[in-house]
Amino acid sequence: RRYTPLVEGLSLDEAFLDVTGSQRLFGRGEEIARQIKDAIRAETGLTASAGVAHCKFVAKIASDLRKPDGLVVVPDDVAAFLAPLPVERMWGIGPKTAKRVRDAGYSTIGDLARADAQHLEYLLGSWGAYINQLARGQDDRDVIADGDAKSIGAEETFEQDLTDRASMEHYLLAQSARVASRLVREELVARCV
């Protein structure tokens, strides 16, 4: 949030940032990404990956390409950037869906971009047409800052791995209590654990 108030958390360690309005202060997207990566390393000693693109979907793919310490800037020709990537790089296509998609003759994101949207709908349901758009780099979703949390959790990093059940149960009980306390404090309930 030092660089933009438009931050949408994706998970504990991932977020989308819309830096469009921050470029006069901090430079282009690539420069901002590099500054953020440098700040993370200086302040925590950790590496970070970043993807710079015109939309969330493409930025996520770019960020994942060179983990754990990469910076990928997507060129203007987004379709050409996405086309050779395997369908498994597609956000939301897991192993089962990837098999179904590959069995239908689509092995790259470019194949999905060129596919008939109706055929993809037949193959994947209503989500198929959306996949077709994403494969072409068309994602008009805005970065939604300060959205409601989709999950509540607790975590702890240990100097040494826990290997015995008793130790794990002790920490799991403590973690569960922390989560339960947050749920009560925020007047929320959980659907799954």
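Higher on the page you've got the structure.
What you see is a predicted model, and the numbers here were worked out from it, not measured in a lab.

**Some remarks on the overall build of the protein chain**
Piece 1. In terms of regular secondary structure, the protein chain is built from 9 helices and 4 strands.
Piece 2. Listed N to C, the secondary structure of the protein chain is β-β-α-α-β-α-β-α-α-α-α-α-α in terms of helices and strands.
Piece 3. Along the three orthogonal principal directions, the C-alpha set of the protein chain runs to about 55 × 45 × 35 Å.
Piece 4. Scored against the burial criterion, the 193 residues of the protein chain give a buried share of 32%.

**Regarding the pairing of strand S1 (residues 7-11)**
Piece 1. In terms of strand pairing, S1 meets strand S2 (residues 14-17) through 4 bridges, oriented antiparallel. Residue pairing across strands places Ser11 opposite Glu14, the latter belonging to S2.
Piece 2. Linking S1 to S2, which pair antiparallel, is a turn of 2 residues.

**Here we look at the environment of Pro86**
Piece 1. Topologically, Pro86 is positioned in the loop between helix H4 (78-82) and helix H5 (95-103).
Piece 2. Expressed as a C-alpha distance, the spacing of Pro86 and Tyr106, which sit 20 residues apart in the sequence, is 9.0 Å.

**Overview of the nonpolar core**
Piece 1. Among the nonpolar cores identified, the biggest contains 27 residues, and Phe57, Val58, Phe81, Leu82, Met90 and Leu112 are the most heavily contacted of them.
Piece 2. Residue assignment for this core shows that the elements contributing at least two residues are helix H3 (56-65), H4, H5, helix H6 (109-114), helix H7 (117-124) and helix H8 (127-135).
Piece 3. Looking at which element gives the most residues to this core, the answer is H3, with 4 residues.

**With respect to unusual backbone geometry**
As a rule of thumb, non-glycine residues mostly have phi less than zero, and peptide bonds are mostly trans rather than cis.
Piece 1. That bond from Lys67 to Pro68 is cis: its omega, 15°, falls within 30 degrees of zero.
Piece 2. Topologically, Pro68 is positioned in the loop between H3 and strand S4 (71-73).
Piece 3. Positive phi, close to 55°, is recorded for Glu187, a residue that is not glycine.
Piece 4. Residue Glu187 is classed as exposed on the basis of its relative accessible area, which comes to 72%.

**Here's the deal with the packing of H7 against H8**
Piece 1. The contact between H7 and H8 brings their axes to 6 Å, and the two run at 130°. The orientation of H7 relative to H8 falls into the category oblique. As H7 packs across H8, the resulting crossing turns out to be right-handed. Residues Ala117, Leu120, Glu121 and Leu124 of H7 touch H8, and the partners they reach there are Trp127, Gly128, Ala129, Ile131 and Asn132.
Piece 2. The class makeup of the residues in the contact of H7 with H8 is 6 nonpolar, 2 polar and 1 charged.

**Notes on the pattern of salt bridges**
Piece 1. A full pass over the atoms with the stated rule returns 17 salt bridges.
Piece 2. Note that Glu30 is salt-bridged to Arg34, the shortest N-O span being 3.0 Å. Taken together, the positions of Glu30 and Arg34, both in helix H2 (residues 29-44) and 4 residues apart, correspond to about one turn of that helix.
Piece 3. Since its relative accessible area comes to 27%, Glu30 is described here as partly exposed.

**Overview of the environment of Ile40**
Piece 1. Within the fold, Ile40 resides in helix H2.
Piece 2. In this structure, the C-alpha to C-alpha distance between Ile40 and Ile93, residues 53 residues apart in sequence, is 30 Å.
Piece 3. Apart from residues lying up to four places away in sequence, Ile40 is in contact with Gly45, Leu46 and Ala48.

**Structural notes on the environment of Gly94**
Piece 1. Among the structural elements, Gly94 can be located in the loop between H4 and H5.
Piece 2. A relative accessible area of 29% means that Gly94 is categorised as partly exposed.
Piece 3. Expressed as a C-alpha distance, the spacing of Gly94 and Val189, which sit 95 residues apart in the sequence, is 28 Å.

Calculation criteria
Along each chain, residue indices are assigned from 1 in the same order as the chain's sequence is written. In view of the model being predicted, local features appear only for residues whose pLDDT reaches at least 70, and side-chain atom pairs are presented and counted only at 80 or more, with totals across whole chains, interfaces and linings using the full set of residues. Each side-chain value is derived from all of the structure's non-hydrogen atoms; neither hydrogens nor water enter the calculation. Numbering of helices and strands runs from the N terminus, with a helix taken as a DSSP run of H or I at least four residues long and a strand as a DSSP run of E at least two residues long. Categorising residues by exposure relies on relative accessible area from a 1.4 Å probe, with only protein chains included: less than 20% of the type maximum marks a residue as buried, more than 50% marks it as exposed, and the intermediate range marks it as partly exposed. Here, any two strands with at least 2 DSSP bridges between them count as paired. We call a set of buried residues a nonpolar core when its members are Ala, Val, Leu, Ile, Met, Phe, Trp, Tyr or Cys and they connect through side-chain atoms within 4.5 Å of each other. Convention adopted: a line fitted to C-alpha atoms gives each axis, helices being fitted over their contacting stretch, and angles between N-to-C directions are expressed from 0 to 180 degrees. Under this scheme an angle from 65 to 115 degrees is roughly perpendicular, one under 35 degrees roughly parallel, and one over 145 degrees roughly antiparallel; angles in between are oblique. Should the near helix be turned counterclockwise from the far one by less than a right angle, the crossing is left-handed, whereas a clockwise turn marks it as right-handed. Residues are treated as being in contact if the distance between any of their heavy atoms lies within 4.5 Å. Residues are grouped as follows: Ala, Val, Leu, Ile, Met, Phe, Trp, Tyr, Cys and Pro are nonpolar; Asp, Glu, Lys and Arg are charged; every other residue, Gly included, is polar. Any Lys or Arg side-chain nitrogen found within 4 Å of a carboxyl oxygen on Asp or Glu counts as a salt bridge.

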